[in-house]
Amino acid sequence: MVGKEVPAAFVSFKSHYGAAVALQLQQRNNPTEWVTEPAPEPQDVYWTFFSASFIKRWIFMVVVAVACIVITVLFLIPVVIVQGLANLDQLETFFPFLSGILSITFISQVITGYLPSLILQQFLSFVPPIMIVLSSMQGHIAFSQIEKSACFKLLWFTIWNIFFANVLSGTALYQVNVFLEPKKIPSVLAAAVPAQASFFIAYVVTSGWTSTSSELCRLVPLICGFIKRKCSGKAGDDFEVPSIPYHGEIPRIAFFGLLGVTYFFLAPLILPFLLVYYCLGYIVYRNQLLNVYAPKFETGGTFWPIVHNSTIFSLILMHIIAIGIFGLKKLPLASSLCVPLPVLTLIFNYYCRRRFLPIFKAYSAECLIKKDTDDQNDPSMPEFLDSLVTAYRDPALMPIYHSGRSNTLNSPLLLATEV
């Protein structure tokens, strides 16, 4: 509103070190009254929650957390349906009239092999947009923060609903009391995970290979862009170049890494399918990053801790399954030798968090002082500091620029010479 003071502002400093010191200091006795955080890039600012109070952000964060839990629980319904298709015995029990059709070899192979993963992939395609909407309501002030939050939510949503829900609901070991007895978890996973190997191989083909191939064509964005241009009457140059959807691609890549780590000694047949996916993904996304996508913000490697945590989780899960496998095969020595592995993995993770994680959160004082010293000898710094005054401006206050191209749809009815 015009004339109303906004309880938030961007503050610029003449040195990087001074900005870092101001960021770390507590400005008021009540830390919720004056919250300081690093400013994102001008094009990365999400203005909706720019002036939101601490209490408002906290309330929205709680609401989003509850919504994520509800969505995760509701998604168990299609998972149960998919597992019903994957198990012909359960399908014939609930639908006896299908027994004649299911006796046909070709139909039974299609239903149990390809159809379950295809249906699950169709349900899963609605989740990334929902996670982006929820993350945008969480109180973040930058699009990069929204992408990172959505990436984290979607990754653990995928691990729980695609891996654990399918593994446990595909057998008779889906009772909740299993998790109340931690000693039985290795044996439960050892019995349930190998039984779903064929399902996950089909899932790699339907989700991995198909999504990578469709990414190269980008048929859906092409159709949406064509309809948008026809409906708006704007020229093609008026539309933004797309940016890579980190929240949709990173969880898929990390999840396939989890499948490779957990199944490489249970069902090695999955490894060639994963190898083809990663090779195809390297070729396709290298082309997309060079020729199609344009970054809207600099990630600065902030997505790597999510991948690292997913890898550590995959290793620990693999160790637990190995302990259960050797226990079921009555090999106590092999099972005992695997016990130190998750402990060593957690020690390595602790070292990485202490050694490398602070680098992803903030710059060191050594780097900032060195950068300030270099900036003192840079003749363009005064001009850069002057540009900070107008760098952060609400898009609603920015002037509107129209395309110079014109056609019969948007050209004026009378030219200037005719008036």
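Residues numbered from 1 in each chain as written. Predicted model: local features only at pLDDT ≥ 70, side-chain atom pairs only at ≥ 80, totals over all residues. Heavy atoms only, no water.

K.L.:
In this structure, what is going on with the overall build of the protein? I would like to understand it.
P.N.:
In terms of helices and strands, the protein carries 20 helices and zero strands. Within the protein, buried positions represent 33% of all 419 residues. By element, 68% of the accessible surface of the protein is carried by carbon and sulfur atoms, the whole surface being about 26600 Å². (Helix = DSSP H or I, 4+ residues; strand = E, 2+ residues; numbered from the N terminus. Buried < 20%, exposed > 50% of the residue type's maximum accessible area, 1.4 Å probe, protein only. Areas by Shrake-Rupley, 256 points an atom, 1.4 Å probe, with all protein chains shown as cover.)

K.L.:
Help me understand the side chain of Asn161 in this model?
P.N.:
As for its placement among the helices and strands, Asn161 is situated in helix H9 (residues 143–169). Ignoring sequence-local partners within four residues, the contact set of Asn161 consists of Thr72, Phe75, Leu76, Val79 and Asn166. (Contact = heavy atoms within 4.5 Å.)

K.L.:
Can you walk me through the environment of Ser135 in this structure?
P.N.:
Secondary-structure assignment places Ser135 in helix H8 (residues 127–136). Judged by relative accessible area, which is 0%, Ser135 ranks as buried. Once the C-alpha coordinates of Ser135 and Lys153 are considered, the two residues, 18 residues apart in sequence, prove to be 8.6 Å apart. If we skip the residues at most four places from it in the chain, Ser135 touches His140, Ile146, Ser149, Ala150 and Lys153. Here the side chain of Ser135 touches Lys153 through a polar contact of 3.4 Å, side chain to side chain. (Polar contact = N/O pair within 3.5 Å; in protein donor to acceptor, adjacent residues only side chain to side chain.)

K.L.:
Would you mind going over the packing of helix H15 (residues 304–328) against helix H17 (residues 340–355) with me for this structure?
P.N.:
Any two packed helices are characterised by the angle at which their axes cross and by the distance between the axes. The interhelical angle for the contact between H15 and H17, taken along N-to-C directions, is 170°, at an axis separation of 9 Å. With respect to H17, the element H15 is oriented roughly antiparallel. Residues His308, Asn309, Ile312, Leu315, Ile316 and His319 of H15 form the contact with H17, whose participating residues are Leu341, Pro342, Thr345, Leu346, Phe348, Asn349, Cys352 and Arg353. A per-class count over the contact of H15 with H17 returns eight nonpolar, five polar and one charged. (Axes fitted to C-alpha atoms, helices over the stretch in contact; angles between N-to-C directions. Parallel < 35°, antiparallel > 145°, perpendicular 65-115°, else oblique. Nonpolar A, V, L, I, M, F, W, Y, C, P; charged D, E, K, R; others polar.)

K.L.:
Just to check I follow, could you spell out the packing of aromatic side chains for this structure?
P.N.:
Each aromatic ring pair is characterised by the separation of its centres together with the angle its planes make. Tallying each qualifying case throughout the model produces 26 aromatic pairs. Both rings, one in Tyr246 and one in Phe297, keep their centres 6.2 Å apart while their planes meet at 45°; by these two values the pair is tilted. Here the residue Tyr246 occupies a position in helix H13 (residues 246–263), and Phe297 occupies one in the loop between helix H14 (270–291) and H15, the gap between them amounting to 51 residues. (Phe/Tyr/Trp six-rings, centres within 6.5 Å; stacked < 30°, edge-to-face > 60°.)

K.L.:
Please clarify how the nonpolar core should be interpreted in this entry.
P.N.:
Across soluble globular proteins, you tend to see nonpolar side chains buried next to one another. One finds Phe163, Phe200, Phe255, Leu259 and Tyr263 to be the most contacted residues of the largest nonpolar core, which totals 49 residues. The element that contributes the greatest number of residues to this core is H9, accounting for 12 residues. In contact with Tyr263, other than residues within four places in its own chain, are Phe163, Val193, Pro194, Gln196, Ala197, Phe200, Pro268 and Ile270. (Core = buried A, V, L, I, M, F, W, Y, C linked by side-chain atoms within 4.5 Å.)

K.L.:
Is there a simple way to explain the packing of helix H1 (residues 16–24) against helix H19 (residues 365–376) in this structure?
P.N.:
Where H1 contacts H19, the axes come no closer than 8 Å and their chain directions differ by 145°. Taken together, the residues of H19 that come into contact with H1 (itself represented by His16, Tyr17 and Ala20) are Ala365, Leu368, Ile369, Lys371, Asp372 and Asp375. Residues of the contact of H1 with H19, tallied by class, amount to five nonpolar, one polar and three charged.

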